[in-house]
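Architecture at a glance
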Amino acid sequence: MPKAYVYTRFGGPEGEAFLDLPKPVPGPGELLVAVRAAGVNPVDWKLRTGYTRPGATPKPLPTVFGSEASGVVEQVGEGVRGFAVGDAVFGNPVTGGYAEYTLLPAAITAHKPDAVSFRDAAALPVAGATAYDGIKQLDLPAGATLLITGAGGGVGVAATQIAVANGIRVVGSASAGKKDFVESLGAVHVPPGPGLQERVRAAAPDGVDAVFDLVGGADLEAVAGLVPDLAKLISAGDKPRVATLGGAAVVRLRTAAVLEEVAELVVGGTLRPYVTRTFPLAEAAQALRAVEEGHALGKIVIEVGA
């Protein structure tokens, strides 16, 4: 039977395991996809700890890891239009991406352009689309200054590129080891941690027009006061805290149209996914630890099938 990497109970990594699971059967509106690659995201390990997305219900255990995947359609569910067996696609899986097979909801799945690899496509449904949604939500004019916390991670790298391409000046908070990388994206680098507000003021003496937070916690609290209009304070890293500070969570549109637009940014050269490390499915645990430890540069992807 097909293999999948799952968590069998809520808690730490000790609850993770490989299981042989039956091949999923697509229901109405779903696609059975042979997975070629799966993106690794912080939300993957957070769900293992028992975190539940707002408005969602916990999935039954065991649960397959993975919130983004690319692959080839193997079976089309009832009522699906616009997809056929053999199509290369990417999107947010219903049954987890760290697996040889998964189900994708057709309504929010996009065709993969030939110019985009399966590896890069697997980095787009969460990281790329969250960055795209956030930049659109802020709606900043060219010449504005944007602070991005966590600018060296998957979402931050994408958000920085999209903002810079729109003529926005970016100040990017990231660890010292990511300084050269963040600056190569066109951002002004500042280290995180105590004193962040002062460092941002020094890097942007005329002030910042918006904050796109991807870290949360103390860093979010430190920079919230820099924004003159709290409508321009958004977070994908700490939704409860940003709400208490008067800002808002990033509004995820979760549409096929957004995925198609993000893919076109890749095709056109505006957005590079920056997949810096790949792991085979057999090393899914190592891939997840690299993200869970919080020091991953760019995006990590699990490559599943040939």
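Everything that follows concerns the structure shown earlier in this document.
What comes next concerns the included structure. These numbers were taken from a predicted model, which means no experiment stands behind them.

Observations regarding the overall build of the protein chain
Along its length, the protein chain carries 10 helices and 16 strands. Taken over the C-alpha trace, the protein chain has a radius of gyration of 19 Å; the compact-globule value for 306 residues is 19 Å, and the two agree within 12%. When the backbone C-alpha atoms are referred to their principal axes, the protein chain occupies close to 60 × 40 × 35 Å. Expressed as a percentage of its 306 residues, the buried residues of the protein chain come to 51%. Within the protein chain, residue pairs in contact and separated by at least 24 positions form 66% of the contacts whose partners lie at least 6 positions apart. Of the accessible surface of the protein chain, which amounts to about 12,700 Å², a share of 55% is contributed by carbon and sulfur atoms. Separation between the mean location of the 26 positive side-chain charges and that of the 31 negative ones in the protein chain comes to 2 Å.

Description of the pattern of salt bridges
Where charged atoms of side chains with opposite charge meet at close range, the side chains can pair. In this structure the tally under the stated criterion is 12 salt bridges. One salt bridge connects Arg48 with Glu16, and the closest N-O pair in it is separated by 2.8 Å. Here the residue Arg48 occupies a position in helix α1 (residues 42–48), and Glu16 occupies one in strand β2 (residues 16–20), the gap between them amounting to 32 residues. One exposure class covers both Arg48 and Glu16, and it is buried. Put simply, Asp238 and Arg241 hold a salt bridge, and the shortest N to O gap is 2.8 Å. It is possible to trace a salt-bridge network through shared partners that takes in Glu16, Arg48, Arg289 and Glu292.

Remarks on the packing of helix α3 (residues 124–138) against helix α9 (residues 256–268)
Running from N to C, α3 and α9 cross one another at 90°; their axes reach a closest spacing of 10 Å. What the angle tells us is that α3 and α9 run roughly perpendicular. Contacts between α3 and α9 pair Leu124, Pro125, Gly128, Ala129, Tyr132 and Asp133 from the former with Val258, Leu259, Glu261, Val262, Ala263, Leu265 and Val266 from the latter. Of the residues assigned to the contact of α3 with α9, the class counts are 10 nonpolar, 1 polar and 2 charged.

Regarding the environment of Ala151
Inspection of the secondary structure puts Ala151 in the loop between β9 (145–149) and α4 (154–165). Its relative accessible area of 0% is what places Ala151 among the buried residues. Sequence separation between Ala151 and Leu281 is 130 residues; the distance between their C-alpha atoms is 27 Å. If sequence neighbours within four positions are ignored, Ala151 has contacts with Gly156, Val157, Thr160, Gly172, Ser173, Ala174 and Val182.

Here's the deal with the packing of α3 against α4
Running from amino to carboxyl end, α3 crosses α4 at an angle of 45°, the nearest separation of the two axes being 8 Å. Between α3 and α4, the crossing angle belongs to the class labelled oblique. In the crossing of α3 with α4, the sense of the turn from one axis to the other is right-handed. For the pair α3 and α4, the contacting residues are Ala127, Gly128, Thr130, Ala131, Tyr132 and Ile135 in the first and Gly154, Val155, Ala158, Ala159, Ile162 and Ala163 in the second.

Section: the sheet that holds strand β1 (residues 3–7)
Spatially, 3 strands are ordered β2-β1-β4 in an open sheet, and the strand pairing comes out antiparallel. At either margin of the open sheet sits one strand with a lone partner, and together these are β2 and β4 (63–64). When β1 meets β2, the two strands line up antiparallel, connected through 5 bridges. Looking at the pairing, Tyr7 lines up with Glu16 of β2.

Cut-offs used in this document
- Residues numbered from 1 in each chain as written.
- Predicted model: local features only at pLDDT ≥ 70, side-chain atom pairs only at ≥ 80, totals over all residues.
- Heavy atoms only, no water.
- Helix = DSSP H or I, 4+ residues; strand = E, 2+ residues; numbered from the N terminus.
- Rg over C-alpha atoms; globule rule 2.2 N^0.38 Å.
- Buried < 20%, exposed > 50% of the residue type's maximum accessible area, 1.4 Å probe, protein only.
- Contact = heavy atoms within 4.5 Å.
- Areas by Shrake-Rupley, 256 points an atom, 1.4 Å probe, with all protein chains shown as cover.
- Lys, Arg positive; Asp, Glu negative; His and termini not counted.
- Charge placed at Lys NZ, Arg CZ, Asp CG, Glu CD.
- Salt bridge = Lys/Arg side-chain N within 4 Å of Asp/Glu carboxyl O.
- Axes fitted to C-alpha atoms, helices over the stretch in contact; angles between N-to-C directions.
- Parallel < 35°, antiparallel > 145°, perpendicular 65-115°, else oblique.
- Nonpolar A, V, L, I, M, F, W, Y, C, P; charged D, E, K, R; others polar.
- Left-handed = near helix turned anticlockwise from the far one by under 90°.
- Pairing = 2+ DSSP bridges.

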